[in-house]
Amino acid sequence: MKDEALAERCRALKLILTDVDGVMTDGTILLLADGTEAKTFHIRDGLGIVLAHRAGLKTGILSGRNSKAVALRAAELGMAVVRQGIHDKAAALGEILASERLGASEVAYIGDDVNDLPVMQAVSLSAAPADAPLEVRTQAFMVMEARGGQGCLREFVESILRARGDWDRVLSSIGVATQ
């Protein structure tokens, strides 16, 4: 039953949004002596974004913090939507929906903490990393097996592409033979 509900939600998707700290990273922020910060990103999450694009989906970031590292990573991956320094994620989602001319039923979101709940409750498909707080895991449509910063975004994207029936086609588009 949940597989059918997942497939139905995934077929309508046009945009996958993600939080950064705690999803694309493990939540650690390394503050350097010069005031800059460093983050580590899991390479599989990056390929997940590339695969989403190959399937015709847009991707984006909705983050409460501002970070040059995030802006660079988003640009490197060709992410269409980048909103940082957001205090009201629900309001930012509304702005994104308006600017992208989308309905909430066309958006998926993965977040890891309670400030992500308003967006998770508004969109069609929500997910949380395995190490998200109980309140977030309980509200998510899907809970990933991977922890934040350990490939949970890739797992989310792969679940979406498989549910849509796009997985084999997308793999072949990068030269991977499928059965």
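Residues numbered from 1 in each chain as written. Predicted model: local features only at pLDDT ≥ 70, side-chain atom pairs only at ≥ 80, totals over all residues. Heavy atoms only, no water.

Moving on, we get to the overall build of the protein. In terms of helices and strands, the protein carries eight helices and eight strands. Its C-alpha radius of gyration of 15 Å places the protein within 12% of the 16 Å reference for a compact globule of 179 residues. Here the C-alpha coordinates of the protein stretch approximately 50 × 35 × 30 Å along the principal axes. Across the 179 residues that make up the protein, the buried fraction comes to 48%. Sequence separation of 24 or more characterises 55% of the internal contacts of the protein that already satisfy a separation of 6 or more. On the protein, roughly 8,700 Å² of surface is accessible, and the fraction owed to carbon and sulfur atoms is 50%. Each charge class in the protein was averaged separately, 20 positive and 24 negative side chains, and the resulting centres sit 5 Å apart. (Helix = DSSP H or I, 4+ residues; strand = E, 2+ residues; numbered from the N terminus. Rg over C-alpha atoms; globule rule 2.2 N^0.38 Å. Buried < 20%, exposed > 50% of the residue type's maximum accessible area, 1.4 Å probe, protein only. Contact = heavy atoms within 4.5 Å. Areas by Shrake-Rupley, 256 points an atom, 1.4 Å probe, with all protein chains shown as cover. Lys, Arg positive; Asp, Glu negative; His and termini not counted. Charge placed at Lys NZ, Arg CZ, Asp CG, Glu CD.)

Given 3.6 residues to a turn, an α-helix orients residues that are three or four positions apart in the same direction. For helix 7 (residues 152-164), spanning 13 residues, the distance from its first C-alpha to its last is 18 Å, which sits close to the expected 18 Å at 1.5 Å a residue. Looking one or two residues past helix 7, Gly165 carries a phi angle of roughly 80°, positive in sign. (Expected span 1.5 Å × (residues − 1).)

So, on to the nonpolar core. Residues Ile16, Ile110, Leu125, Met142, Phe156, Ile160 and Leu161 are the most contacted members of the largest nonpolar core, which totals 34 residues. Tallying contributions element by element places helix 7 first for this core, with six residues. (Core = buried A, V, L, I, M, F, W, Y, C linked by side-chain atoms within 4.5 Å.)

Per the counting criterion, the structure on display carries 14 salt bridges. Across the pair Lys39 and Asp21 runs a salt bridge whose closest N-O atoms are separated by 2.6 Å. Here Lys39, found in the loop between strand 3 (37-38) and helix 2 (43-54), pairs with Asp21, found in the loop between strand 1 (15-18) and strand 2 (30-31); they are 18 residues apart in sequence, far enough to count as distant. Taken individually, Lys39 and Asp21 each receive the classification buried, so the pair is uniform in this respect. (Salt bridge = Lys/Arg side-chain N within 4 Å of Asp/Glu carboxyl O.)

To continue, consider the environment of Phe41. Among the secondary structure elements, Phe41 is positioned in the loop between strand 3 and helix 2. Counting along the chain gives 14 residues from Phe41 to Ala55, while the straight-line C-alpha distance between them is 22 Å. Those residues in contact with Phe41 that lie beyond four places of it in its chain are Val20, Met24, Thr25, Ala69, Val70 and Arg73.

The next point concerns the pairing of strand 7 (residues 125-128). The alternating pattern of strand 7 places Leu125 and Ala127 on one face and Ser126 and Ala128 on the opposite face, and all of these are buried. In this fold, strand 6 (residues 107-110) hands off to helix 5 (residues 117-122), which returns the chain to strand 7; that crossover is right-handed. Two strands pair when backbone bridges link them, and strand 7 and strand 8 (residues 142-143) are joined in this way by two bridges, in the parallel orientation. Opposite Ala128, over in strand 8, you have Val143 as the bridge partner. (Right-handed = clockwise from strand over helix to strand, strands pointing away. Pairing = 2+ DSSP bridges.)

Below, the discussion takes up the sheet that holds strand 1. Sheet strands line up and pair through hydrogen bonds in the backbone, either parallel or antiparallel. Pairing is parallel across the open sheet formed by six strands, whose spatial order is 5-4-1-6-7-8. The sheet terminates laterally at strand 5 (81-83) and strand 8, the two strands that pair on one side only.

The subject of this paragraph is the packing of helix 2 against helix 7. Relative orientation of the contacting elements helix 2 and helix 7 amounts to 30°, with a least axis distance of 7 Å. With respect to their mutual orientation, helix 2 and helix 7 come out roughly parallel. In terms of crossing hand, the pair formed by helix 2 and helix 7 is left-handed. From helix 2, Arg44, Asp45, Leu47, Gly48, Ile49, Leu51 and Ala52 reach across to helix 7, where they touch Cys152, Leu153, Arg154, Val157 and Leu161. (Axes fitted to C-alpha atoms, helices over the stretch in contact; angles between N-to-C directions. Parallel < 35°, antiparallel > 145°, perpendicular 65-115°, else oblique. Left-handed = near helix turned anticlockwise from the far one by under 90°.)

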